[in-house]
Amino acid sequence: MGVLSQSPPELAQSTERALLRGDAGDLEEALENGGVGLHRLARDGTILWANRADYEPYGYSASEYLGHNLRTFHVQPELIDDMLGRLVAGQQVLGLESVVVCRDGSQRHVSLTGTVRLDESGGFVDAHGFTQDISERKQGELRAAAEREELLRAEQVARERLTVLARASDSLAQSLDYERTIQTIAGLALPLLGDFAFFDLHELESVRRVVRACDPEATLKLQQTSAGTYQPHAGSALVSGQSELQNALDDAGLRRVVDSPEQLAQLQALGVVSMLSVPLTSQGETLGALTLFFAATGRQHTEQDLALGEELARRAAAAIVNARLLKEARDAIGVRDDFLSMAGHELRTPLTALQLQILSITKMVGQPDSVEKVSTRAEKAGKNVLRLSALVNELLDISRISAGRLRLERGAMDMADAVREVLHRHADELTKHGCEVHFTAAGDLSGNWDRVRIEQIATNLLANAMKYGKGKPIEVRVQREDGNARLVVQDHGIGISAEDQQRIFQRFERAVSARHFGGLGLGLWIARQLVDAHGGSIHVASEMNLGATFEVVLPVEVPPGDEPEVRA
Amino acid sequence: MKGGGPVLLVEDDLDIAEAILDVLMDEGYEVAHATNGLEALDLLRSEPQPAVILLDLMMPEMDGPQFRAAQLRDPRLSQIPVVVLSADRMIAEKAHALGVWGFVVKPLQPEQLVSVVERSTHSA
């Protein structure tokens, strides 16, 4: 055996040259020191003779090798048995591949070639053979096979990823329902990118968390420690909008993504090793983040996982945006339906009174002494017509403002005059509601405003005060303050909770359920739109059961860019 | 005073109440008015008992059904016939559920209103 520094044909040439020269010493030298290992074997495999190249490269000495059986140097002795069997039968053996155990325990791949010498009667004399070290070729082959396998695996991973993406698109497309979309996204990347996942979504003031693991039991356990909603930690993908890949995850990393102390303890107990967090963004806004963990499987996230995670997040973000738009549209339709049904009720009320009055007038006409009664009844009917037309005007204002068709007709006016006029106009109603008005005016209250709209603002605030402060006095103050005029309407009614104060200026909102109070409930919204159009501001201060104070501040000067329209 | 006695109207909308009051007073009825269930219970405890109660369903403080429950709990009041006034499309079912004498659908026709008051005040 030996390292092949000379290939068999070269060896043949060098021995041939030695033979031609008739130099026996040279021949022996060529055989002994040639790069190829040569050996002669007995019938049972005992090594009768071998050159140094047959054993030294493998770490053996002559005494450790010669006289021993060739079988004992090979990992699979049966291969040698098989070779001997074939040689004894008179066959040649060419390039039999085997593995030799070196003296230090390492292994080398070899190729064995042998032929047999027979006597005249055909009996076995001995076998000759050479050993060629093919370890390098063999390793090359093994490397190539490994590379092939690696390629196949990469292809399979790529296919799996494509499948995950396709499946993600499918399941996201299946439903436009907001809740279902959220649940779908939480499980989207499992199990390929994680053993379990947190899906966080910005909702109003806090973050909502949906947890999901590969198996339902683990999901339940994770849900038990999740707070459900929480304030996001600085540095999380949710806040930074940046992806994060953390192998060798430590406690500091875990603390950034947990929503409760119990959850931290649970993640530590689960032995989380790797985390991948990808933000869901739409038009520069971070909607949420999907965070994936490997624990029990001991896997680590790779750069490819990050790329796949980001692609999934892109698709999920689009699905969230769509589901949100649909939900908003549906909610808006629902609110509008409620409003329409309430508006219908409000319109029917004066109609009911009107119908009774008109029919009773019809009955009276022609009866003796009916003139006075008819005229009183007609006056009452007129009041209901006014109420009806006020409601219709409110409806028209809503649609005008919503369509952006509100135009101010500014002119020189005095706010104290306008408010006084409004109070005068509603004197009867105030009396009927048991509300005594204390009115004060201070300073120069002239300005450039739309008188009709200023009266409307005052009317709406007064109507609100009467409605919710029935039987209690109302203070109305107008005063000049620097470059502004201030209108304050204060009642002593049921008040408005802090939460409701946020909503009452919004469209289709009112703090108290509709059935208890008349009107379309849009008086404050309209007032705010009119104040905004004048470049002013409106605020409310209130405590429950202690009444409410509405304050309107209007600049006396016309804001730049909002000059009065030139009218023909 | 006409018929079997005075009428108690329980209605929160002042304009509707005024119109109903006018129609019934034209017919010679004596009518008392409360703007919600609580006010009505107060009136019933101090005033002479009415021959019929005309009851609106949607009102603040105490609505129609709540008033009806309180009325039935008080043996001195439970026998007074009640006529429900409502624009609710399910008025017939609701009236049945409340166990009242009758109902009138809003918008009201004066003849219908007078007729139902007439009949109910003579029903007892």
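Cut-offs used in this document
Along each chain, residues carry numbers from 1 onward, in the same order as the chain's sequence is written. All chains are assigned letters beginning at A, and all ligands numbers beginning at 1, according to the order in which they are written. Owing to the predicted nature of the model, reporting of local features is limited to residues with pLDDT of at least 70; listing and counting of side-chain atom pairs is limited to 80 or more, with chain, interface and lining totals taken over all residues. Side-chain measures here rest on the full set of heavy atoms in the structure, leaving out hydrogens and waters. Secondary structure elements follow DSSP: runs of H or I no shorter than four residues count as helices, runs of E no shorter than two count as strands, and numbering proceeds from the N terminus. Exposed residues in this analysis have more than 50% of their type's maximum accessible area, buried residues have under 20%, and partly exposed residues fall in between, with area computed by a 1.4 Å probe over protein chains only. Residues count as neighbours in contact if any of their non-hydrogen atoms are within 4.5 Å of one another. Values of accessible area rely on a 1.4 Å probe in the Shrake-Rupley scheme; residue burial ignores everything except the protein chains shown. Here a strand pair is declared whenever DSSP counts at least two bridges between the two strands. Angles run from 0 to 180 degrees between N-to-C directions of axes, and those axes are lines fitted to C-alpha atoms, restricted for helices to the stretch in contact. Buried area is a sum: the accessible area each of two parts loses on coming together, probed at 1.4 Å, counted once for each and added. A pair is scored as a salt bridge if a Lys or Arg side-chain nitrogen falls within 4 Å of a carboxyl oxygen belonging to Asp or Glu. What qualifies as a polar contact is a pair of N or O atoms within 3.5 Å, subject to a donor-acceptor requirement within protein and to the restriction that residues adjacent in sequence count only when both atoms come from side chains. Residue polarity follows a fixed list, in which Ala, Val, Leu, Ile, Met, Phe, Trp, Tyr, Cys and Pro are nonpolar, Asp, Glu, Lys and Arg are charged, and the others, Gly among them, are polar. Between the rings of Phe, Tyr and Trp (Trp by its six-membered ring), a pair exists once the centres lie within 6.5 Å; its type follows the angle of the planes, with under 30 degrees stacked, over 60 edge-to-face, and the other angles tilted. Residue types Ala, Val, Leu, Ile, Met, Phe, Trp, Tyr and Cys, when buried and joined through side-chain atoms within 4.5 Å, form a set referred to as a nonpolar core. Charged-residue counts in this description rest on Lys and Arg as positive and Asp and Glu as negative, His and the chain ends being excluded.

Trainee: For the overall build of chain B, give the residues involved together with the corresponding values.
Mentor: On a plain count of helices and strands, chain B comes out with five helices and five strands. When its helices and strands are written in sequence order, chain B yields β-α-β-α-β-α-β-α-β-α. Within chain B, the proportion of its 124 residues that are buried is 55%. Residue pairs in contact within chain B that sit at least 24 positions apart in sequence constitute 62% of those at least 6 positions apart. Here chain B has roughly 5,500 Å² of accessible surface; of this, 53% comes from carbon and sulfur atoms.

Trainee: So what's going on with the sheet that holds strand 9 (residues 244-247) of chain A? Which residues, and what values?
Mentor: Pairing between sheet strands relies on hydrogen bonds along the backbone, with the strands arranged either parallel or antiparallel. Residue and element names in this part refer to chain A. If you walk across this open sheet you meet the six strands as 8-7-6-11-10-9, and the pairing is antiparallel. Looking at the sheet topology across the chains shown, the edges are occupied by strand 8 (229-230) and strand 9. Where strand 6 (residues 196-203) and strand 11 (residues 285-294) come together, six bridges link them in antiparallel fashion. Each bridged residue has a counterpart across the sheet, and for Leu201 the counterpart in strand 11 is Gly288. Across the sheet, helix 10 (residues 261-270) touches strand 6, strand 7 (206-213) and strand 11, and the angle it forms with strand 6 is around 155°. Taken strand by strand, helix 11 (residues 303-364) contacts strand 6, strand 9, strand 10 (274-282) and strand 11, and its axis lies near 35° from that of strand 10.

Trainee: I'd like to hear about the interface of chain B and chain A, residue by residue, with values.
Mentor: Facing 25 residues of chain B, the contacting portion of chain A comprises 22 residues. Summed over both partners, the interface of chain B with chain A buries about 2,100 Å², with 56% contributed by carbon and sulfur atoms. Between chain B and chain A we count ten salt bridges in total. Where B:Glu27 meets A:Lys363, a salt bridge forms, and the shortest distance between an N and an O atom there is 3.1 Å. Applying the counting rule to chain B against chain A returns eight residue pairs in polar contact (both at pLDDT 80 or more).

Trainee: Account for the packing of helix 7 (residues 216-225) of chain A against helix 10 of chain A, with residues named and values stated.
Mentor: For any two helices packed against each other, one specifies the inter-axial angle together with the distance between the axes. Residues and elements named next belong to chain A. With their axes 8 Å apart at the nearest point, helix 7 and helix 10 run at an angle of 145° to one another. Taking contact as the criterion, the partners of Lys221, Leu222 and Thr225 in helix 7 are, on helix 10, Glu262, Gln263, Gln266, Leu267 and Leu270. Its residues placed into classes, the contact of helix 7 with helix 10 shows three nonpolar, three polar and two charged.

Trainee: Go over helix 17 (residues 523-533) of chain A, please, and point to the residues and values.
Mentor: Residue and element names in this part refer to chain A. Gly523, Leu524, Trp525, Ile526, Ala527, Leu530 and Val531 are the residues of helix 17 that are buried. Buried-residue contacts for helix 17 involve helix 12 (371-402), helix 15 (451-468), strand 17 (537-542) and strand 18 (548-555). Directly after helix 17, the chain includes Gly535, whose backbone phi takes a positive value near 75°.

Trainee: Pulling in residues and values, what's your account of the packing of aromatic side chains?
Mentor: Residues and elements named next belong to chain A. In total, this model carries six aromatic pairs over all chains according to the counting rule given. Ring centres of Tyr60 and Phe73 lie 5.0 Å apart, and the angle between their planes is 80°; on these two criteria the pair is classed as edge-to-face. Here Tyr60 is found in the loop between strand 2 (47-50) and helix 3 (62-65), whereas its partner Phe73 is found in the loop between helix 3 and helix 4 (77-88), with 13 residues between them in sequence. Take Tyr60 and Phe73: they sit in the same class, and that class is buried.

Trainee: Before we move on, can you summarise the nonpolar core with the specific residues and values?
Mentor: Residue and element names in this part refer to chain A. Residues Met415, Leu461, Ile474, Leu487 and Phe550 are the most contacted members of the largest nonpolar core, which totals 47 residues. When residues in this core are grouped by element, the largest group, seven residues, is from helix 15. Contact partners of Ile474, with chain neighbours within four places excluded, come to Leu430, Cys435, Glu436, Val437, His438, Leu462, Ala465, Met466, Val489 and Gln490. Membership of the second largest hydrophobic core comes to 32 residues, among which are Ile182, Leu188, Leu192 and Ala316.

Trainee: A description of the side chain of A:Asp450 should follow, citing residues and the corresponding values.
Mentor: All names here are of chain A. Mapped onto the fold, Asp450 is located in the loop between strand 14 (446-449) and helix 15. Notably, Asp450 is buried but unbridged: the nearest opposite-charge side chain belongs to Arg453, and the N-O separation is 4.5 Å. Beyond its immediate chain neighbours, meaning those up to four positions away, Asp450 contacts Arg407, Leu408, Glu409, Arg410, Met413 and His534.

Trainee: So what's going on with the sheet that holds strand 3 (residues 52-56) of chain B? Which residues, and what values?
Mentor: Residue and element names in this part refer to chain B. In space, the five strands of this open sheet follow the order 2-1-3-4-5, with parallel pairing throughout. The outermost strands of the open sheet, each flanked by one partner alone, are strand 2 (31-34) and strand 5 (102-105). Across the sheet, the axes of successive neighbouring strands diverge by a mean angle of 20°, strand direction being ignored. Pairing of strand 4 (residues 82-86) with strand 5 involves four bridges; the strand directions are parallel.

Trainee: Describe the pattern of salt bridges, listing the residues and the values that go with them.
Mentor: Pairing between side chains of opposite charge can happen when their charged atoms approach one another. This structure, assessed with the given rule, holds 46 salt bridges over all chains. In this structure, the salt-bridge partner of A:Asp200 is A:Arg209, at a minimum N-O distance of 2.7 Å. The residues A:Asp200 and A:Arg209 share a single accessibility class, namely buried. Its salt-bridge partner being A:Lys380, residue B:Glu18 comes within 3.9 Å of it at the nearest N-O pair. Of this pair, B:Glu18 sits in helix 1 (residues 14-26) while A:Lys380 is found in helix 12, placing the two residues in two different chains. A relative accessible area of 25% means that B:Glu18 is categorised as partly exposed. For A:Lys380, a relative accessible area of 19% puts it in the buried group.

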